[in-house]
Amino acid sequence: MKIGVVGTGYVGLVSGTCLAEMGNDVVCVDIDEGKINSLKKGKVPIYEPGLEDLLLQNIAEGRMSFTTKLADALDCQVLFLALPTPAGEDGSADLRYILGVAEEIGKQLAGYIVIIDKSTVPVGTAKKVAETIAKHTDRGFDVVSNPEFLREGHAVEDFLNPERIVIGSSSTRATKLMQELYSPFVRETPGKLIVTDEASAEMIKYAANAMLAARISFVNELSQLCEAVGADIEMVRRGMGSDERIGPAFLYPGPGYGGSCFPKDTQALAHMAKEQGLELSIVQSTIDANSRQKQVLPNKVRNYFKDDLKGKTLALWGLAFKNDTDDIRESPALAIIEALTKEGCNIVAYDPQATDNVAQKYQENKQLSFVHNMYDAPKDADALIIATEWKEFFAPDFERIKKLLKNPVIFDGRNLYDPSEVGGYGFYYECIGRKIVTG
Ligand code: NAD
């Protein structure tokens, strides 16, 4: 098939590349000229494991092209919209990118096309997109809702081996085309293809993200209670997660969830309910618990230093919102940087992939600096904070860190280590929901 993808970010670029891998011809469209120019040169603008190799291979085989002009993609059979849907001021999903492109499609459409909403969008958006296009054309088209479930850090693997593909459509013609498009991905497991109406497809994505976010907030709140009553959240998590009905996934305590999805999608879902005069109190509590959780690490640091943070130097390991990505949107590391530099700390940060994005965001913040080796961060620092669970932090040289730090103090937002082992090296070690070890 000839496929267009509008928006070549984390979702669009991965989707386009994986669809090309299945033998389709893919035209990637983006308004960001810098992005398109670097893609034309074979440079991948984001970090996503496995993406670069696959992209280069498909470019070399002539199945992918890149353009800033939407018109170049309008002769495709299907056109994916993988555009941003950020949270508006009231928490609702901002549909300006989607509807703006829909209007352009309407103005330039030449023949039948299936428009696919891949972005996470509120219920009713497929209808709004269709109405917007129809205002400007009398050509035939269908709008399908096809939310994406890939996880950053595993995006290529997830797209190529999806757990499910949701197709929301009321058009038989469009549904058939979508089934054909996705058949190579579900050849052995056709049951993974879920065909439903547009509204349910749109809701499935929000429901899934809200449930995952709720699990994280639940375990984060429990971790605070564990600290207060002397229980160990790691044991509690394992004990709970071994119940088949509960399962172990998304029960890891941490510094608060971040990323481009959970924060905005929970807000958008809560907003959608409010518009209907309903309250999704569990979703709202999930959001509130998460904003409190983002202050847990800064508070631990404040308490340890008795609120005397002026002039302290802190080493920070991890800037990305999770491991294996360079995405820093809503990353808990940003909350740590903002809270602690405001109170007079200097932060020396290290991240294997996300440094450039954070440096770009905080160009004005002179208290923040970056190093390119993890052991350069703790040099002469008053403490080490761990904010992201990069694998290279899992088994560090504790003797070396102890020699480098001014004080042997670690705040671990990801519970990476065995407290008694770290304590054995003489560290003060504080993590989430477990007893403090004083070395
Ligand atoms: P992104 O910000 O990485 O990418 C969006 C791209 O769209 C950018 O490259 C931007 O330049 C481009 N763009 C903006 N306006 C445009 C226009 N008018 N024409 C062409 N291109 C334009 O966003 P993302 O993380 O890929 O997310 C896209 C959507 O997918 C969002 O709705 C998000 O909620 C959803 N989603 C994201 C993930 C994820 O893990 N990132 C997972 C599932 C779903």
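Residues numbered from 1 in each chain as written. Predicted model: local features only at pLDDT ≥ 70, side-chain atom pairs only at ≥ 80, totals over all residues. Heavy atoms only, no water.

A count of helical and extended segments in the protein gives 16 helices and 14 strands. Relative to the compact-globule value of 22 Å for 439 residues, the protein shows a C-alpha radius of gyration of 23 Å, a close match. Along the longest, intermediate and shortest principal axes, the C-alpha atoms of the protein span 70 × 50 × 40 Å. For the protein, the residues scored as buried account for 56% of the 439 residues in total. Taking the contacts inside the protein whose residues are at least 6 apart along the sequence as the reference set, 71% of them involve residues at least 24 apart. Entry remark: accessible area of the protein is about 19600 Å², with carbon and sulfur atoms responsible for 49%. (Helix = DSSP H or I, 4+ residues; strand = E, 2+ residues; numbered from the N terminus. Rg over C-alpha atoms; globule rule 2.2 N^0.38 Å. Buried < 20%, exposed > 50% of the residue type's maximum accessible area, 1.4 Å probe, protein only. Contact = heavy atoms within 4.5 Å. Areas by Shrake-Rupley, 256 points an atom, 1.4 Å probe, with all protein chains shown as cover.)

As a structural note, the neighbourhood of the ligand is formed by 26 residues, with Asp 30, Lys 35, Thr 85, Glu 152 and Lys 264 the closest of them. Interatomic distance of 3.1 Å between a backbone N/O atom of Tyr 10 and an oxygen atom of the ligand. In the model, an oxygen atom of the ligand is placed 3.0 Å from a nitrogen or oxygen of the Thr 120 main chain. Summarising the interface, the protein chains cover 89% of the accessible area of the ligand, which totals 830 Å² for the free molecule. Sorting the residues of the shell around the ligand by element identifies α1 (10-21) and α4 (96-108) as the ones contributing at least two each. Taken together, the residues of the shell around the ligand break down into 11 nonpolar, 7 polar and 8 charged. Looking at the shell around the ligand, you find at least three residues from each of domain 1 (2-196) and domain 2 (205-292). (Near = heavy atom within 4 Å. Polar contact = N/O pair within 3.5 Å; in protein donor to acceptor, adjacent residues only side chain to side chain. Nonpolar A, V, L, I, M, F, W, Y, C, P; charged D, E, K, R; others polar. Domains from an automatic or database assignment.)

Now for the side chain of Thr 266. With respect to the helices and strands, the residue Thr 266 is situated in helix α10 (residues 262-275). Among all residues touching Thr 266, those that are not within four sequence positions of it are Ala 210, Ala 213, Tyr 257, Cys 261, Val 283 and Ile 287.

This part is about the layout of surface pockets. In this structure, the second largest pocket encloses a volume near 300 Å³. The wall of the second largest pocket is formed by 17 residues, among which Pro 122, Val 123, His 271, Met 272 and Glu 275 lie closest to the centre. Considering each element in turn, the lining of the second largest pocket owes the most residues, 6 residues, to α10. Looking at the lining of the second largest pocket, you find at least three residues from each of domain 1 (2-196) and domain 2 (205-292). (1 Å grid on protein atoms, 1.4 Å probe; cavity = no way out; pocket = protein on both sides within 12 Å on 5 of 7 lines; lining within 4 Å. Points joined across faces, edges and corners; volume = space filled by probe spheres on them.)

Once that is clear, we can look at the sheet that holds strand β9 (residues 313-317). Strand pairing within a sheet occurs via backbone hydrogen bonds; the two strands may be parallel or antiparallel. Strand order in the open sheet formed by 6 strands is β11-β10-β9-β12-β13-β14, with parallel pairing between adjacent strands. Strand pairing shows two members of the sheet lacking a second neighbour, β11 (368-370) and β14 (428-430), which therefore form its edges. In this sheet, adjacent strand axes meet at a mean angle of 20 degrees when their direction is disregarded. As paired strands, strand β12 (residues 383-386) and strand β13 (residues 409-412) are joined by 3 bridges and run parallel to one another. Pairing of Leu 384 across the sheet is with Ile 410, part of β13. Its contacts with the sheet place helix α12 (residues 296-304) against β9, β12, β13 and β14, and it is angled at close to 155 degrees to β13. (Pairing = 2+ DSSP bridges. Axes fitted to C-alpha atoms, helices over the stretch in contact; angles between N-to-C directions.)

Before going further, it helps to spend a moment on the domain arrangement of the protein. Each assigned domain of the protein is listed here: domain 1 (2-196), domain 2 (205-292) and domain 3 (294-430). Each of domain 2 and domain 3 was reduced to a C-alpha centroid, and the two centroids are 24 Å apart. Across the contact, 16 residues belong to domain 2 and 15 residues belong to domain 3. On the domain 2 side of the interface with domain 3, the three residues burying the most area are Pro 255, Gly 259 and Ser 260, jointly 44% of the side's total. Ionic pairing is found between Glu 227 and Lys 300, a salt bridge with its closest N-O pair at 2.8 Å. Top contributing element to the side of domain 2 that touches domain 3 by residue count: helix α11 (residues 281-293), with 3 residues. Classifying every residue of the side of domain 2 that touches domain 3 gives 5 nonpolar, 8 polar and 3 charged. (Buried area = accessible area lost by both parts, 1.4 Å probe. Salt bridge = Lys/Arg side-chain N within 4 Å of Asp/Glu carboxyl O.)

Turning to the side chain of Ser 15, a few remarks are in order. Tracing the chain through its elements places Ser 15 in helix α1. Take Ser 15: its relative accessible area is 1%, and that puts it in the buried class. Beyond its immediate sequence surroundings of up to four residues, Ser 15 is in contact with Lys 118 and Phe 159.

This part covers α10. Over its 14 residues, α10 runs 20 Å from end to end, which matches the ideal 20 Å to within 8%, given 1.5 Å per residue. By the burial criterion, the buried members of α10 are Phe 262, Pro 263, Lys 264, Asp 265, Thr 266, Ala 268, Leu 269, Ala 270, His 271, Met 272 and Ala 273. Of the surrounding secondary structure, the elements contacted by the buried residues of α10 are α8 (198-229) and α11. At the exit of α10 stands Gly 277, carrying a positive phi of roughly 75 degrees. (Expected span 1.5 Å × (residues − 1).)

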